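Structural description and commentary
Okay, here's what each chain looks like letter by letter:
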Amino acid sequence: MFQGKPSKILTLLFIHQNNQILLAMKKRGFGMGKYNGFGGKVEKNGESIYQAAIRETQEEGCITPTDAQFIGYIKMDYDCEKETLKVHIFKATQFDGEVKETEEMKPQWFDVAKIPYNQMWIDDQYWIPYLLENKCFSGYLQFEGHEKLILADLKEVTNQ
Ligand code: 6OG
């Protein structure tokens, strides 16, 4: 039976406060040179996806979100990758600590009207608006290489 590719569980967390969103320039690794939220892989030690989202934000931005909520799920398929990415997206408006640059990320606040989509992953422009409007969303993306989006199926998820 066809089982599909193995998958990797990832997190992504954005702080949205008043009219600003906290993004961070990735300084190394996957997505280097792009602005993104904080996030990474869930550890295999029994860590929950929520715990991973908080831990990654502490490690990459030096802050602890205090009201993080799950808001979106996106499955990403790359023809050039061995694993499918299952990205779990969280949003917070409050945090403890002071935002600091780390070895991995250079954080910066942006006015929500001036989000630098041209320096972000190509798909972000399709779902960040849901996040800003507190709408839960879910979807599937298919890429050719890392930059060419060939299929985007994203929608708001409601309880009805
Ligand atoms: P590490 O390999 O650094 O985790 N990620 C994406 N984020 C956005 N906004 N758009 C994408 O579309 C993404 N693909 C992956 C998930 C990688 C981090 O990169 C995120 C993780 O937070 C293509 O541990």
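Right above here is the structure, for reference.
Below you will find a few notes about this structure. What you see is a predicted model; the values in this text were computed from it and never measured.

With respect to the secondary-structure elements, histidine 16 resides in strand 1 (residues 7-17). Among the polar contacts made by the side chain of histidine 16, one reaches the main-chain carbonyl oxygen of asparagine 18 at a distance of 3.4 Å. Residues contacting histidine 16, with those up to four places away along its chain left out, are Ile21, Lys91, Ala92, Thr93, Val112 and Leu132.

Further remarks concern the site of the ligand. In the vicinity of the ligand lie 18 residues, with Thr11, Lys26, Asn36, Tyr78 and Asp123 positioned nearest. A distance of 3.4 Å is found between an oxygen atom of the ligand and a backbone nitrogen or oxygen belonging to glycine 40. Taking aspartate 124, its side chain carries an N or O atom lying 2.9 Å from a nitrogen atom of the ligand. Bound to the protein, the ligand loses 92% of the 530 Å² it would expose on its own. If you tally residues by element for the shell around the ligand, the top one is strand 1, at three residues. Per-class residue counts for the shell around the ligand are nine nonpolar, four polar and five charged.

Calculation criteria
- Residues numbered from 1 in each chain as written.
- Predicted model: local features only at pLDDT ≥ 70, side-chain atom pairs only at ≥ 80, totals over all residues.
- Heavy atoms only, no water.
- Helix = DSSP H or I, 4+ residues; strand = E, 2+ residues; numbered from the N terminus.
- Polar contact = N/O pair within 3.5 Å; in protein donor to acceptor, adjacent residues only side chain to side chain.
- Contact = heavy atoms within 4.5 Å.
- Near = heavy atom within 4 Å.
- Areas by Shrake-Rupley, 256 points an atom, 1.4 Å probe, with all protein chains shown as cover.
- Nonpolar A, V, L, I, M, F, W, Y, C, P; charged D, E, K, R; others polar.

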